[in-house]
Amino acid sequence: MTDDDSLDELLDELDGYTDLDKAQQEVSINVDERRYGKAVTVVSGFDVSQSTLDSLASSLKSSLATGGTVDEDTIELQGDHRDRLPELLDDHGYDTT
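Residues numbered from 1 in each chain as written. Predicted model: local features only at pLDDT ≥ 70, side-chain atom pairs only at ≥ 80, totals over all residues. Heavy atoms only, no water.

Considerations on helix α2 (residues 50-64)
Compared with the 21 Å implied by 1.5 Å per residue over 15 residues, the 21 Å span of α2 between its first and last C-alpha is a close match. Taken together, the buried positions of α2 are L53, L56, A57, L60 and L64. The buried residues of α2 all sit within an arc of 100° when viewed along its axis, so they share a single face. Residues of α2 that are exposed and point over 90 degrees away from its buried face: S51 and S62. On its buried face, α2 sits against β3 (68-71), β4 (74-78) and α3 (85-91). Looking one or two residues past α2, A65 carries a phi angle of roughly 55°, positive in sign. (Helix = DSSP H or I, 4+ residues; strand = E, 2+ residues; numbered from the N terminus. Expected span 1.5 Å × (residues − 1). Buried < 20%, exposed > 50% of the residue type's maximum accessible area, 1.4 Å probe, protein only. Arc of directions from axis to C-beta. Contact = heavy atoms within 4.5 Å.)

Comments concerning the confidence of the model for the protein
Predicted coordinates in areas of low pLDDT are best not read in detail. Residues of the protein with pLDDT of at least 70 account for 80%, and the chain-wide mean is 85. For the protein, helix α1 (residues 3-24) is the element with the lowest average pLDDT, namely 64, and β4 is the one with the highest, namely 96. (pLDDT = per-residue confidence, 0-100.)

Digging into the side chain of T74
Looking at the secondary structure, you find T74 in strand β4. Residue class for T74 comes out buried when judged on its relative accessible area of 13%. A distance of 2.8 Å separates a polar atom in the side chain of T74 from the backbone oxygen of D71. (Polar contact = N/O pair within 3.5 Å; in protein donor to acceptor, adjacent residues only side chain to side chain.)

Here's the deal with the pairing of β4
Most of β4 is tucked away: four of the five residues are buried. Sheet topology note: the strand β2 (residues 39-44)/β4 ladder contains three bridges and is antiparallel. Counted as the bridge partner of V42 is E76 from β4. In this structure, the hairpin formed by β3 and β4 is closed by a connection of two residues, where E72 is found at a positive phi of approximately 55°. (Pairing = 2+ DSSP bridges.)

Quick notes on the pattern of salt bridges
Counted under the stated rule, the structure contains three salt bridges. The shortest N-O distance in the salt bridge between D32 and R34 comes to 3.8 Å. Note on D32: relative accessible area 34%, which makes it partly exposed. You can call R34 partly exposed: its relative accessible area is 36%. As a salt-bridge pair, R34 and E76 come within 3.6 Å of each other at their nearest N and O atoms. Taken together, the residues span a long stretch of sequence, with R34 in the loop between β1 (26-33) and β2 and E76 in strand β4 at a distance of 42 residues. Overlapping salt bridges, with partners in common, bring together D32, R34 and E76 in one network. (Salt bridge = Lys/Arg side-chain N within 4 Å of Asp/Glu carboxyl O.)

Shown next as structure tokens:
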């Protein structure tokens with residue numbers, strides 16, 4: 001076995017743990033009201049790297065055709081998206097409460 005083979009096997013094994021971790025996380029979806037009565041959907045409870053959270057936020061913003069931002073371990077999306085977010089997060093492997 002070469003070093004490349006063992007590295008590939010290790011990376012494949014670690015990918016499996018990442019998916020398991022996402023499935024075990026319970027993220028919550030809340031809607032806050034901000035300035036001028038505008039709704040903001042806040043998704044919190046993530047325990048992933050910043051790059052993973054940025055990537056997820058980008059995907060959600062694209063799917064929902066809205067703006068948003070990442071603030072520490074939360075994703076804030078413009079508007080009330082409580083109805084579509086559970087399905088989208090489930091597609092990405094997260095459990096919603």
